[in-house]
Protein chains: 2
Amino acid sequence: MTSDLDGMAARDREAIEARLTTLVDALAGDHDGMREAIRYSLLGGGKRVRPLLCLWTHDMLGGWRRDAALDAACAIECVHTYSLVHDDLPCMDDDDFRRGQPSSHRRFGEAVAVLAGDALLNLAYEILATMRERHAVDADVCLDATAALARAAGTAGLISGQAMDLSPPSPRDAGVVDAIHLRKTARLIAASMEAGAILAGADAAARDRVRAAGVEAGRAFQITDDILDIEGAQETLGKTPGKDVHDGKLTLPSVIGVDASRARARSHVDAALAGLPAAKGTPLERLVLHVVERIR
Amino acid sequence: MTSDLDGMAARDREAIEARLTTLVDALAGDHDGMREAIRYSLLGGGKRVRPLLCLWTHDMLGGWRRDAALDAACAIECVHTYSLVHDDLPCMDDDDFRRGQPSSHRRFGEAVAVLAGDALLNLAYEILATMRERHAVDADVCLDATAALARAAGTAGLISGQAMDLSPPSPRDAGVVDAIHLRKTARLIAASMEAGAILAGADAAARDRVRAAGVEAGRAFQITDDILDIEGAQETLGKTPGKDVHDGKLTLPSVIGVDASRARARSHVDAALAGLPAAKGTPLERLVLHVVERIR
């Protein structure tokens, strides 16, 4: 990122870290072992791309509920982190490292890792369901944000994305890769932006536009990640150093090649920004552009 | 149960099965494998104690939103079922059977079982967050029910209950058993009844009374289950035939003996009903009484 965006991202990341810490301390119960495992994964150095997308979509639309948007951003990060903890399990991707540290099950054992993931998913909904008690925000708005997240995290999103990633249907072509990317990555990215729009009080049409743009940005994000995996470029936004590149994993570059994939990522970013004229000149535009700049 | 209660329970169980089926078909995405695994565990013959507690608390309090209460009851059953699927995993209780059938991971493999549990937890929140789209119910009410369920399912409830059950703190005495029972069983039972009260439009004081009574009923329920495990009586309300009795598992009978445990279960039921004068003569009273009648 360029330096001014870096500065803004650093400030907002700090706000996200602080709020995540506050929420975990307030809501994560009295079991020290579980709290430790939750903090280990949640506060272990993510780049907070999804929370930033939520906050900056909210800001772009002139929202005035930044405190509540910060809660929603944290809920989204809880969902993202839960998915990483469970995806790393031996029965799933069997990853020993995450962000350069031992993955949750390597550090705490499988039982605690399964429970910590469960706890993070639940925590996301507890944050959204109790947001109204902490901030001046209508129940309708909270419930809309909850529904958007639930749809992206559920069987129409993350869950089937991971299931398809583990056992891709045949033929293993670009269409299947698209279907996996939509569920595994794009719908949660889209929900992050939609939650920001909901907290900003956007109407249904504006929410639909934001969600559609978010799907495009999410597709670009996943394709770029796959290219970076191949190129071995690790120190990049949203990337997880230490994660193995799985041989034989179905990615877009493995199906259509790196150059064609790079072009596809760019066209998804173009589509995202074309659908978001209000983003022109805002941090949100820069963040979305940064997705493909990572591979330039 | 006596025959009239049996008849009422049968009718409402049928309504619960039908609604669960409808909700799974509407919300469980387009991945056939995940949908099959979700249906296998969710529609695999549970006794639906928690949904009945929700519905009958709603009815006791004169609620007029039975359709919405049925949705909330189904959400609670999704949370209960998710906890069974994950608790059965090899890294947890390592149970090969559940309700006389192979457990989810024995039937579908560990990866799908982890994901099916995740999907069920998420489905619970998707049901509550979208309830307003299906029934005439205020967003405040939906959100209150969501918060009650999230608190019971999270790290203050089911999660730490399972963590403590796997590694009980010392000394392994009745106090620790009480703490485990509260988190593992009683808080979700209490939330089931509180959700019914919320849907019935109960005020905060009435909700508190219902929740407190629910904790007592939940404690009685867990103690009775532990006694039945010892006595080997399998064909009973809410019991899960096929589940192994774990040698050396920390239960109240293992700490204070069967007779004293039976007395404790009865005193918890008495406390539950003393806190619910409005339950007198209702199906809810009969269901709560039935908890200890199982061991008479």
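Above this text is the structure in question.
Here we summarise the structure given alongside this text. None of these values were measured; they are calculated from a predicted model. (Residues numbered from 1 in each chain as written. Chains lettered and ligands numbered in written order. Predicted model: local features only at pLDDT ≥ 70, side-chain atom pairs only at ≥ 80, totals over all residues.)

Describing the overall build of chain A
Part 1 of the argument: Broken down by element type, chain A carries 13 helices and two strands.
Part 2 of the argument: Its C-alpha atoms give chain A principal-axis dimensions of roughly 50 × 45 × 35 Å.
Part 3 of the argument: Sorting the 296 residues of chain A into buried and exposed places 56% on the buried side.
Part 4 of the argument: Within chain A, counting contacts between residues at least 6 apart in sequence, those at least 24 apart form 72% of the total. (Helix = DSSP H or I, 4+ residues; strand = E, 2+ residues; numbered from the N terminus. Buried ≥ 20, exposed ≤ 12 C-beta atoms within 10 Å, placed from the backbone. Contact = placed C-beta atoms within 7 Å.)

Re the relation of the copies chain B and chain A
Part 1 of the argument: With an RMSD of 0.0 Å, the operation that places chain B on chain A is a rotation of 180° combined with a shift of 0.0 Å along the axis. Read as a symmetry element, the transformation amounts to a two-fold axis. Using C-alpha coordinates, one finds that chain B approaches the rotation axis most closely at Ala139(B), a distance of 2.7 Å.
Part 2 of the argument: The fraction of interface residues of chain B whose copies in chain A are also interface residues reaches 100%, indicating that both copies meet through the same surface. (Least-squares fit on C-alpha atoms with pLDDT ≥ 70 in both.)

Concerning the interface of chain B and chain A
Part 1 of the argument: In this assembly, 44 residues from chain B lie in contact with 44 residues from chain A.
Part 2 of the argument: Breaking the side of chain B that touches chain A down by element, the ones donating at least two residues are helix 2 (32-42), helix 6 (110-134), helix 7 (139-153) and helix 8 (158-166) of chain B.
Part 3 of the argument: When residues in the side of chain B that touches chain A are grouped by element, the largest group, 15 residues, is from helix 6 of chain B.

Things to note about helix 13 (residues 283-293) of chain A
Part 1 of the argument: Of the positions making up helix 13 of chain A, those classed as buried are Leu284(A), Leu287(A), Val288(A), His290(A), Val291(A) and Val292(A).
Part 2 of the argument: Its buried side turned inward, helix 13 of chain A meets helix 3 (49-60), helix 10 (204-231) and helix 12 (258-274) of chain A.

Re unusual backbone geometry
Part 1 of the argument: The residue after Ser170(A), namely Pro171(A), is reached through a cis peptide bond having omega -10°.
Part 2 of the argument: You will see that Asp94(A), though not glycine, has its phi angle at about 50°, which is positive.
Part 3 of the argument: The residue Asp94(A) is located in the loop between helix 4 (66-87) and strand 1 (97-98) in this model.
Part 4 of the argument: Phi is positive for Arg48(B), close to 60°, though the residue is something other than glycine.
Part 5 of the argument: Mapping Arg48(B) onto the fold places it in the loop between helix 2 and helix 3 (49-60).

Observations concerning the packing of helix 10 of chain A against helix 12 of chain A
Residue and element names in this part refer to chain A.
Part 1 of the argument: For the pair helix 10 and helix 12, the least separation of the axes is 8 Å and the interaxial angle reads 155°. Put simply, helix 10 runs roughly antiparallel to helix 12. Relative to helix 12, helix 10 is oriented so that their crossing is left-handed. Contacts from Ala213, Glu216, Ala217, Arg219, Ala220, Ile223, Thr224, Asp226, Ile227 and Ile230 in helix 10 reach Val258, Ser261, Arg262, Arg264, Ala265, His268, Val269, Ala271 and Ala272 in helix 12.
Part 2 of the argument: Its residues assigned to classes, the contact of helix 10 with helix 12 shows eleven nonpolar, three polar and five charged. (Axes fitted to C-alpha atoms, helices over the stretch in contact; angles between N-to-C directions. Parallel < 35°, antiparallel > 145°, perpendicular 65-115°, else oblique. Left-handed = near helix turned anticlockwise from the far one by under 90°. Nonpolar A, V, L, I, M, F, W, Y, C, P; charged D, E, K, R; others polar.)

Such coordinate-based values are descriptive only and should not be taken to indicate function.
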